[in-house]
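These are the residues of each chain, in order.
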Amino acid sequence: MYDHDSDTASLAESYTELSEILMPDDTNNLGRALGGAILHWMDIAAAVAGRRFAREQVVTAAMDHVDFRAAIDLGDIVTVQAYVFATGDTSMDVKVDVHSERPETGDYEATATSFFTMVAVDDDGTSAPVPHLECPTEAEVALRETALDRRRERRRDLLDASTA
């Protein structure tokens, strides 16, 4: 377990990338990805990123709104990328992006994005402290800033939509 006040971990330590080929069991009757399958893979990627960062078991506390921006077809390669971009005392904010790839044509498309909140837990299932986030490289700073900006933008859009 970490002493949250003195320990740090980098964004790069949390970076996770999962790839799957979209198979028939994960498609609907149109031969496209089931939303639930994509959400499942996103949750797994967020959990892996959180565990790598916290070096503890993690549980999903929240997931922001998800827009499926493009269809993923049977046989496409689905890549899910995740990384911790902000931390609390026991929680981590994880940005999760999904892309589809059709190697035969070279098509590569952003298909979904969401933000997960993961909480570290100890062996007793009690919330556990997580390290402070550090971003020692320009690339890590850029990823963190992109995630923070995108989350602020999404929250502003949701607020505007709810008051319209």
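Residues numbered from 1 in each chain as written. Predicted model: local features only at pLDDT ≥ 70, side-chain atom pairs only at ≥ 80, totals over all residues. Heavy atoms only, no water.

Enquirer: Which residues make up the environment of Ser127, and what values go with them?
Expert: On the secondary structure map, Ser127 appears in the loop between β7 (107-121) and β8 (132-134). With a relative accessible area of 41%, Ser127 lands in the partly exposed category. Separated by 36 residues in sequence, Ser127 and Ser91 place their C-alpha atoms 8.5 Å apart. Those residues in contact with Ser127 that lie beyond four places of it in its chain are Thr90, Val119, Ala120 and Val121. (Helix = DSSP H or I, 4+ residues; strand = E, 2+ residues; numbered from the N terminus. Buried < 20%, exposed > 50% of the residue type's maximum accessible area, 1.4 Å probe, protein only. Contact = heavy atoms within 4.5 Å.)

Enquirer: Help me get a handle on helix α3 (residues 138-163), residues and values and all.
Expert: The end-to-end C-alpha separation of α3 is 37 Å, in line with the 38 Å expected for 26 residues at 1.5 Å each. Along α3, the positions that sit buried rather than exposed are Glu140, Ala147, Leu148, Arg151 and Arg154. In this structure, the buried residues of α3 make contact with β1 (8-10), α1 (11-14), β5 (77-87), β6 (91-102), β7 and β8. (Expected span 1.5 Å × (residues − 1).)

Enquirer: Now, about the pairing of β6: what can you tell me, with residues and values included?
Expert: Counting buried residues in β6 gives nine out of twelve residues, a clear majority hidden from the surface. Relative to β6, β5 runs antiparallel, the two sharing ten bridges. In the sheet register, Gln81 faces β6, and the bridge partner there is Asp97. The hairpin turn running from β5 into β6, its antiparallel successor, is three residues long. Of the pairings in the sheet, the one linking β6 to β7 comprises twelve bridges and is antiparallel in character. Looking across to β7, one finds that Val98 is bridged to Ala112. Hairpin connection from β6 to β7: four residues lie between these consecutive antiparallel strands, with Gly106 at a positive phi of about 80°. (Pairing = 2+ DSSP bridges.)

Enquirer: An account of the environment of Thr87 is requested, with residue identities and associated values reported.
Expert: Tracing the chain through its elements places Thr87 in strand β5. Here the alpha-carbon distance between Thr87 and Ile77, two residues ten residues apart in the chain, equals 31 Å. Setting aside chain neighbours within four positions, we find Thr87 in contact with Phe53, Met92, Val130, Pro131, His132 and Leu133.

Enquirer: Describe the pairing of β5, listing the residues and the values that go with them.
Expert: Burial analysis of β5 places nine of its eleven residues in the buried class, the great majority of the element. Looking at chain direction, strand β2 (residues 16-21) and β5 are connected through six bridges and run antiparallel. Bridging across to β5, Ser19 finds its partner in Thr79.

Enquirer: Tell me about the packing of aromatic side chains, and please be specific about residues and values.
Expert: Under the criterion given, the structure shown has one aromatic pair. Measuring from ring centre to ring centre gives 5.6 Å for Phe85 and Phe115, while their planes differ by 70°; the resulting arrangement is edge-to-face. One end of the pair, Phe85, is in strand β5; the other, Phe115, is in strand β7, and 30 residues separate them in sequence. Classification of Phe115 as buried rests on a relative accessible area of 3%. (Phe/Tyr/Trp six-rings, centres within 6.5 Å; stacked < 30°, edge-to-face > 60°.)

Nothing here speaks to function; it is geometry throughout.
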